[in-house]
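# Examination of the molecular architecture
Residues per chain are reported as follows:
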Amino acid sequence: MKRTNYCGELSVSNVENKVVLMGWAAKNRDLGGVLFIDLRDRTGVVQLVINEQAGGEVFSLAESVRSEYVIGVEGIVKKRDPETVNKNIPTGEIEVIVSRLVIYSKSETPPFYIEEDIDTNEQVRLKYRYLDLRRPDMQKNIITRHKVCKIARDYFDSNGFLEIETPMLIKSTPEGARDYLVPSRVHRGSFYALPQSPQLYKQLLMVAGMDRYFQIARCFRDEDLRADRQPEFTQIDLEMSFVDIDDVISVNEGMIAEVFEKTIGVKVKTPFLRLTYKEAMDRFGSDKPDTRFGLELINLSEIAAGCGFKVFADAIASGGSVRAINAKGAADRLSRRDLDSLVDFVKIYRAKGLAWIVVTQDELKSPITKFFTQEEIQAILKKTDAAAGDVLLFVADKDNIVFDALGALRIEIAKRLDLIDKSRYNFLWVTDFPLLEYDDEQKKYVAIHHPFTCPFDEDIDKLDTNPLSVRAKAYDIILNGTELGGGSIRIHDRELQAKMLSLLGFSQEEAQERFGFLLEAFKYGTPPHGGMAYGLDRLVMLLTGSESIRDVMAFPKVQNASEPMSNAPDTVDKKQLMELGIKIRETQ
RNA sequence: GGCCCGGUAGUUCAGUCGGUUCAGAAUGCCAGCCUGUCACGCUGGAGGUCGAGGGUUCGAGCCCCUUCCGGGUCGCCA
């Protein structure tokens, strides 16, 4: 038998056609003299009908079919009687009257139902991932992922980009995430690293005159996992020559618009909103703000400076700030107990506490109002636009703690009060990031983006005098509070690159040792260039409405970075280790 | 590394104060019956290392300790 059609593609237009279908038996309904089987393949399900009188052999064979048997059938497509139409499935108007049936393989009873919206422990799903992936919603996710890749490829191709592969076995980079290392057999004691991103190679491709590059690139970072983070993930990576920020942004807005329209039919408006890093932090306490709801931060430092409440006054005196969120009209939805739990919530972010004022018609309920003068209280109420029914929530600390705590609190409150409109797709760019930050632990400057990011032209002078004030030509693209991707214009000047590396604490020798090949390349004519990279998995996660990146990866890893189906990683033969010159040392 | 949540039939879960009724439900599975079902129905049946180990107790699914596994999160992720 040779397949003629897919199950889900049959319709009334196929009525009276003789068809051959292949797939998995999803459900049997044995009524005695007539037997129904739902046949499922990638495209959907269709009902098979086997009548007893149609032929004893086919019927008895069909009676032995169990869930997930792989079968092939030949039959005639028939229109169903109106009273037997199933409106719940797309093929519900027709059915296939089976005349031949082949069982290609039997199946043990699967450990969970092969259907949408199962309520099964993820551990079990991952152990039997091939069964999980057989479920329609997982198939949809994987198909969407394929479409995104295809659309991105076509888009970049038609915009003059070349798809170029870069190596997976590369030199270890000293900064950034922890590398996955691969021992070299030939060079005993030496290691390759798996790429955290194709960063240096794509820049070298620009030096090589490829002009526009893209790649759907696998990347590796040996860091702890999250719902939206895997140690092995995929980037849509691109780089362009002779461009500045606006060029990169507009090419990418076009790509995103096309992806959203062609996958989920959402028309996104371009150009996207742009926020500077400073504005994003001031208003949302985050460099990846979710703008689907309000609850913006309000800076009360001016009012609180020198006030009678020591916690506030001290925070400001030591260079920090006091900021607040006004949860409008939430007074009757946030009980005293809820407020206590919010106090605990902000402590996760190292805030020492959370002060609050509940505004009612005739009084202010709060543990802190007694520390303020009437004037100060009035100023606070005015600045926060407080009205009866509002709840004001304050954090006072160093700026970064205030932002972390209130930024997270903002989202937490929005979730609890159900303020988020899930039908919206709020894209925005965050720009004007600082180039550097000071790492107290390492006692040195570190690049916020990476060491190849170009500073603002007008800030270059300040590299020597006030490095922390230098802005970077970097940009992140944010969707609904998730960082989808980011990039930058790169340094293309050898001197400036060398200066950056020295500012980051690399000695001349170290810089030469680690990045010598890049600096060397820059001697030979380097075009101005820049680009960006998307987290493909996150993008698909948002497109499919998935809660976890694992739901859009065929074979993801779990929190301890292992893979439950194959049980990777695993020990290897002594012989393999011998060849590599590796000995496992027991640690205590 | 820290914090929070979870682990009981194949699956999803309930299990009160530690005690008879505590080895339970639903679903799935198996068998029989059934000619229009589509969550088919009816009758019957099988199915358990209560994650593991230790402790307290006359007695532990339940209390205590240790440990393993999974999820979330902080740190980490240029």
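The preceding data block contains the structure.
Bear in mind the structure is a predicted one, so any value in this text is a computation, not a measurement.

A separate point is the packing of helix 14 (residues 494-503) against helix 15 (residues 508-521). Closest axis-to-axis distance for the helix 14/helix 15 pair is 12 Å, and the angle between their directions is 160 degrees. Between helix 14 and helix 15, the crossing angle belongs to the class labelled roughly antiparallel. Along this stretch, helix 14 crosses helix 15, giving a crossing that reads as right-handed. Of helix 15, the residues touching helix 14 (which contributes Arg-494, Gln-497, Ala-498 and Leu-501) are Ala-511, Phe-515 and Leu-519. Split by residue class, the contact of helix 14 with helix 15 holds five nonpolar, one polar and one charged.

What follows is about the pairing of strand 13 (residues 321-327). Among the seven residues of strand 13, seven are classified as buried, and the element is accordingly described as predominantly covered. Side chains Ser-321, Arg-323, Ile-325 and Ala-327 of strand 13 all project onto a buried face; the interleaved residues Val-322, Ala-324 and Asn-326 project onto the opposite face, where all are buried too.

The next point concerns the pairing of strand 1 (residues 18-30). Pairing geometry for strand 1 and strand 4 (residues 70-79), over seven bridges, is antiparallel. Paired with Val-19 across the strands is Gly-75, a residue of strand 4. As paired strands, strand 1 and strand 2 (residues 34-41) are joined by six bridges and run antiparallel to one another. Residue Arg-29 lies in a different strand from strand 2, and its bridge partner there is Phe-36. Linking strand 1 to strand 2, which pair antiparallel, is a turn of three residues; within it Gly-32 sits at a positive phi near 100 degrees.

A few words now on the sheet that holds strand 16 (residues 391-397). One open sheet accounts for five strands, arranged 12-13-16-14-15; its pairing is antiparallel. Looking at which strands have only one partner, the edges of the open sheet turn out to be strand 12 (297-299) and strand 15 (364-365). Bridging between strand 14 (residues 355-359) and strand 16 involves four bridges; their strand directions are antiparallel. By the bridge assignment, Trp-356 is partnered in strand 16 with Leu-393. Strands in contact with helix 11 (residues 374-383) are strand 12, strand 14, strand 15 and strand 16; relative to strand 16, the strand with the most contacts, it is inclined by about 105 degrees.

About the thresholds
- Residues numbered from 1 in each chain as written.
- Chains lettered and ligands numbered in written order.
- Predicted model: local features only at pLDDT ≥ 70, side-chain atom pairs only at ≥ 80, totals over all residues.
- Heavy atoms only, no water.
- Axes fitted to C-alpha atoms, helices over the stretch in contact; angles between N-to-C directions.
- Helix = DSSP H or I, 4+ residues; strand = E, 2+ residues; numbered from the N terminus.
- Parallel < 35°, antiparallel > 145°, perpendicular 65-115°, else oblique.
- Left-handed = near helix turned anticlockwise from the far one by under 90°.
- Contact = heavy atoms within 4.5 Å.
- Nonpolar A, V, L, I, M, F, W, Y, C, P; charged D, E, K, R; others polar.
- Buried < 20%, exposed > 50% of the residue type's maximum accessible area, 1.4 Å probe, protein only.
- Pairing = 2+ DSSP bridges.

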